[in-house]
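Below are the chains, spelled out letter by letter.
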Amino acid sequence: MATSAVSRSGRETRDSVVIRFAGDSGDGMQVTGTQFTLETALAGSDFSTFPDFPAEIRAPTGTTFGVSAFQIHFGGTDVMTPGDAVDVLVAMNPAALTVEVRDLKVGGTVIVDTAAFNERNLGKAGYARNPLDDDSLARYQVLKFDITKLTADAVKPHGLSSREAHLCRNMWALGLLLWMYGHERTATIEWLKRKFAKKPVIAEANVAALNAGHAFGETAEETEHLVGYVVPKAAVRAGRYRTVSGTEGLAWGLVAGLRAAGIEKMVFAGYPITPASALLHTLANLRAYGVITFQAEDEIAASGAALGASYAGALGVTSSSGPGIALKTEMLGLAIATELPLIVIDSQRAGPSTGMPTKAEQSDLFQAVHGRNADAPLAVLAPASTADCFDIAIEAVRLATKYMTPVIVLSDGYLAHAAEPWLIPHEAELPRFPVTYRTEPEGFHPFLRDPETLARPWVKPGTPQLEHRIGGLERDYDSGHISYDPDNHARMTKARADKIAGIARDIPPQTVSLGEDHGTLAVVGWGSTFGAIHRAVQIAREEGGGRDVAHIHVRYLSPFPRNLGDLLKRYERVLVPEMNNGQLVKLLRAEYLVPAESFGKVTGKPFRVTEIAQAIRKIT
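Each value, and the rule that gives it
Residues numbered from 1 in each chain as written. Predicted model: local features only at pLDDT ≥ 70, side-chain atom pairs only at ≥ 80, totals over all residues. Heavy atoms only, no water. Helix = DSSP H or I, 4+ residues; strand = E, 2+ residues; numbered from the N terminus. Buried < 20%, exposed > 50% of the residue type's maximum accessible area, 1.4 Å probe, protein only. Contact = heavy atoms within 4.5 Å. Areas by Shrake-Rupley, 256 points an atom, 1.4 Å probe, with all protein chains shown as cover. Lys, Arg positive; Asp, Glu negative; His and termini not counted. Charge placed at Lys NZ, Arg CZ, Asp CG, Glu CD. Core = buried A, V, L, I, M, F, W, Y, C linked by side-chain atoms within 4.5 Å. Phe/Tyr/Trp six-rings, centres within 6.5 Å; stacked < 30°, edge-to-face > 60°. Lys NZ or Arg CZ within 6 Å of the ring centre and 35° of its normal. Pairing = 2+ DSSP bridges. Axes fitted to C-alpha atoms, helices over the stretch in contact; angles between N-to-C directions. Expected span 1.5 Å × (residues − 1).

I keep staring at the overall build of the chain and nothing clicks. Help me out?
Secondary structure summary: the chain contains 21 helices and 22 strands in total. Sorting the 620 residues of the chain into buried and exposed places 56% on the buried side. Sequence-distant contacts in the chain: of pairs separated by 6 or more residues, those separated by 24 or more amount to 74%. When the accessible surface of the chain is totalled, it reaches about 26,100 Å², and 51% of it is carbon and sulfur. Across the chain, the mean location of the 62 positive side-chain charges is 2 Å away from that of the 69 negative side-chain charges.

Listed below in structure tokens is the structure:
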């Protein structure tokens, strides 16, 4: 949080700021962070967020494994990550302090609710003594407020119970932070009134708490550290923006793809699993756009229903996380054998098995590319950011319908919930790729292939004179009838593989995101690592006289872009940061025989810019 000037109002100017709200899973930290993000967006700052949920559905109150946090990085610069070191930590209880203070920069500000630092809560958090009363926090600026009492005083006129008043603490804290950074409260007040429209007293109490926190900032004279700041607006392209999460980007992109393909219906079949469930919730509200949602009894049934919808001529879509994708594997094999379009969204999480359900990883790449019996290739894509989720979803629909193949989209737990500003595209600018269903009976058989794409025809059941059978048994190349002939099986296996390989001719060549297309070092990433890698490469190129390093980000993971191998061989060394123990790096080595070096991270949290920058320094 660099100081650049003092404004006329006496507020200090900050180029960018990282704030983390942390508390119990019932303290409303996600709501607080989301509303602060909304007001930040309306103030014109660029931003990136990182909601960090506890894995327990409802952990015991006050425990460290029940801490819920929300981080936002915002400023007048090009913000590409949720930030490394935290400038301001709002800790609503001792557990939040002990878990999150390790990321607070030296000299940073920590705001605490003193009422929560009682003997019981301190014991649950592992404190032998109260850290507010010793010098353990001497490296930070500690602002100690009895937020519980201040909130209770603010909502007292509304007649709330003690428990109801306690639940308003997050709005008081939000009001204080909105004052600190010069943000408005209007959008939050309107949101509270809508959310609690059927409970107007609760709405009024929360508004009162919000206003009280804001007023406290304006009038308090308790510490020289309680000062206001100004964060300049970001320079952005002209247009209409809104905040978008990765989940929303995928949902809207699927609908845009549905329109682009000219398909009447999308059938989304899913089964609840963290962090993929949000996609089902989002799509359930899009019925008006031709979306039918179905919560199946299990993962296998969900993928079967989606595949059945594709057989019927609709766009079949399903989603899950790693454990659920494993269950869908047999149905994916059937989709490959029948050569039907199917979109599979994988919101990756830390594993194996149940693992850490709310933490992000990129450890399903092997599963997506190779995780099926027999030789069964399909297309695999990965969005680079929350906004990119929209474009990748459209591209997944295009490839699935043009090449009659399943397409796996590898999102992750971070992308699913993170948010950033999104420039809403004009409808006229969106792509169009209308599908054609086969209706001509002459010369038809179900596996008659397009000579260019090798895709088989898509036939709606009931089309006159085009009755046919498909299934998991091998088919004769020339007739579509069941065949156990060994030479025919070899021919069909090659045809299915060639079809997927041919996609490489229909996707953009790999480009360099930053730097030259040759040199000493290429840092290669995929998925949600984009922002951290890009910023780290920027830093490396600017420091020490300018290091010879470039950033390459791969969005098409199967097949790879046709020029990727030649591009990588133009660099002396290749470093691959990814949130796993080295999966893309092994695929690159196997495919192109390049001496790529792995830099893995499996903590359940995204890369920090400093981690990748340090790895670059060691090489260059």
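Teacher, can you tell me more about the nonpolar core here?
With 90 residues, the main nonpolar core has Val524, Leu557 and Leu588 as its most contacted residues. By residue number, the principal contributor to this core is helix α15 (residues 388–403), which donates 10 residues. Discounting chain neighbours no more than four positions away, the residues touching Leu588 are Val524, Phe560, Leu564, Leu568, Val576, Leu593 and Val594. Residues Met29, Leu176, Tyr181 and Leu192 belong to the second largest nonpolar core, which totals 42 residues.

What am I meant to see in the packing of aromatic side chains here?
Two descriptors summarise a pair of aromatic rings, namely the distance from one centre to the other and the angle between the planes of the rings. Inspection of the entire model under this criterion finds 13 aromatic pairs. Judged by centre distance (5.8 Å) and plane angle (40 degrees), the rings of Phe560 and Tyr592 are tilted. Here Phe560 is found in the loop between β20 (556–558) and α19 (564–568), whereas its partner Tyr592 is found in helix α20 (residues 584–592), with 32 residues between them in sequence. Side by side, Phe560 and Tyr592 carry an identical accessibility label, which is buried. Over the ring of Trp179 we find Arg11, and its NZ or CZ is 5.1 Å from the ring centre. Taking the ring centre of Tyr437 as reference, the NZ or CZ of Lys460 above it sits at 4.4 Å.

Looking at this structure, I do not really get the sheet that holds strand β18 (residues 519–526). What am I missing?
The strands making up a sheet are joined through hydrogen bonds of the backbone, oriented either antiparallel or parallel. An order of β19-β18-β21-β22 is seen for the 4 strands of this open sheet, with the pairing classed as parallel. Both edges of this open sheet fall to β19 (549–554) and β22 (596–600), since each of them pairs with a single strand only. On average, each strand axis in the sheet is tilted by 25 degrees relative to the strand beside it, whichever way the strands run. With 6 bridges joining them, β18 and β19 adopt parallel strand pairing. Each bridged residue has a counterpart across the sheet, and for Val523 the counterpart in β19 is His551. Here helix α18 (residues 530–542) sits on the sheet and contacts β18, β19 and β21 (571–578); the angle it forms with β19, its principal contact strand, is near 165 degrees. Across the face of the sheet, α20 comes into contact with β18, β21 and β22 while running at roughly 170 degrees to β22.

In this structure, what is going on with α18? I would like to understand it.
Between the first and last C-alpha of α18 there are 18 Å, a value that for 13 residues agrees with the 18 Å anticipated at 1.5 Å per step. Every buried residue belonging to α18 is among Gly531, Ala532, Ile533, His534, Ala536, Val537 and Ala540, and all of these are buried. Two residues or fewer after α18 comes Gly544, characterised by a positive phi angle close to 60 degrees.

How should I be thinking about the sheet that holds β20 in this particular structure?
If you trace the 7 strands from one edge of the open sheet to the other, you get β12-β11-β13-β14-β16-β15-β20, paired in mixed fashion. Looking at strand neighbours, the two that pair on one side only are β12 (291–295) and β20, the edges of this open sheet. Taken over all neighbouring pairs, the strand axes of this sheet differ in orientation by 20 degrees on average, direction set aside. Strand contacts of helix α9 (residues 246–261): β11 (266–270), β12, β13 (315–320), β14 (342–348) and β16 (406–412), with the helix running at about 145 degrees to β11, the strand carrying the most contacts. Each of β13, β14, β15 (379–381), β16 and β20 is contacted by α15, which is oriented at about 165 degrees to β16, the strand it contacts most.

So what exactly am I meant to see when it comes to the environment of Val576 here?
Topologically, Val576 is positioned in strand β21. For the pair Val576 and Arg608, spaced 32 residues apart in sequence, the C-alpha to C-alpha distance is 15 Å. In this structure Val576 touches Val524, Leu584, Val585, Leu588, Ala596, Glu597, Ser598 and Phe599, once residues within four positions along its chain are discounted.

Explain the environment of Ala312 here, please?
Tracing the chain through its elements places Ala312 in the loop between α11 (299–311) and β13. Judged by its relative accessible area of 45%, Ala312 falls in the partly exposed class. The sequence separation of Ala312 and Trp458 amounts to 146 residues, and the corresponding C-alpha distance is 9.3 Å. Once you skip the residues sitting within four places of it in the chain, Ala312 turns out to touch Lys460 and Pro461.

Hey, could you run me through α15 in this one?
Along an α-helix, residues three or four positions apart point the same way, because every turn accommodates 3.6 residues. In a regular helix each residue adds 1.5 Å, so 16 residues correspond to 22 Å; α15 covers 22 Å between its end C-alpha atoms and thus fits that length. Of all 16 residues in α15, 14 are buried; the element is thus mostly enclosed.

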